[in-house]
Amino acid sequence: GAVELYFDANKKFETTSSGSRIFGQLYTDSAHVNGELDLVGNLDLNSDSHRIKLGAGDDLQIYHDGSNNYIFTNNGDLNLQTTGDDIQITAADDVFLNVQGTENAVKCFGNGQVELYYNNGKKFETNSSGCTVTGTLTTTSGINAGNNISLNDGHRLKLGNSDDLQIYHDGSHSYIADTSGTG
């Protein structure tokens, strides 16, 4: 039959046909579970130095260092998957995605701009008046401008496979030039 242990007339431990049951809190320096651990309540790690470690080599760790929270892996990729529709990342302020350790990839600023990077160099940025592209803008289907296209003095609008037709203003004069000499 069952074995029961009491403290001050309150049951604290009992054996059952499927194992044992603890009533109240269990304090231990170490525990080894050979099988599943089913928790009905919370798992409380009440120290900033303790971690939840998963994998034979503690490959995945979840912890808090007193100031920040971490999900850390030292083996393989970290995959977030859902059978629902979306994965949503919500922050009170900013969100940054880095690659190769500390190389910028995407920066999203609360109530501000979004920045896209290539090889740690900023290439695209949204701002209060629209967006800024750093470098060459290449399209595969064309550009539809709903308003003006503005170029500074000395910069040219080039048309044709070899930039055959050029339209520009040099600060003093305006030009429409056939640069290939074939038209």
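Look a little higher up for the structure.
Novice: Looking at this model, I keep getting lost on the sheet that holds strand 2 (residues 10-16). Mind explaining?
Specialist: Remark on secondary structure: sheet strands pair via backbone hydrogen bonds, oriented parallel or antiparallel. Ordered in space as 1-2-3, the 3 strands form an open sheet in which the pairing is antiparallel. Taken across any chain shown, the strands that pair with only one partner, and hence form the sheet edges, are strand 1 (4-7) and strand 3 (19-22). Looking at each pair of strands side by side, their axes are set apart by 15 degrees on average, direction ignored. Taken together, the 4 bridges between strand 1 and strand 2 define a ladder with antiparallel strand orientation. Looking across to strand 2, one finds that E4 is bridged to E14.

Novice: So what exactly am I meant to see when it comes to the environment of T138 here?
Specialist: When you line up the elements, T138 lands in the loop between strand 11 (130-133) and strand 12 (156-159). Here T138 falls in the exposed class, since its relative accessible area comes to 66%. It is 26 Å that separates the C-alpha atoms of T138 and T182, two residues lying 44 residues apart in sequence.

Novice: I would appreciate a short explanation of the environment of T28 in the present structure.
Specialist: Tracing the chain through its elements places T28 in the loop between strand 3 and strand 4 (51-54). T28 gets classed as partly exposed once you look at its relative accessible area, which sits at 47%. Residues T28 and V95, 67 residues apart in the sequence, show an inter-C-alpha distance of 39 Å.

Here is what the cut-offs are and how they apply
Residues numbered from 1 in each chain as written. Predicted model: local features only at pLDDT ≥ 70, side-chain atom pairs only at ≥ 80, totals over all residues. Heavy atoms only, no water. Pairing = 2+ DSSP bridges. Helix = DSSP H or I, 4+ residues; strand = E, 2+ residues; numbered from the N terminus. Axes fitted to C-alpha atoms, helices over the stretch in contact; angles between N-to-C directions. Buried < 20%, exposed > 50% of the residue type's maximum accessible area, 1.4 Å probe, protein only.

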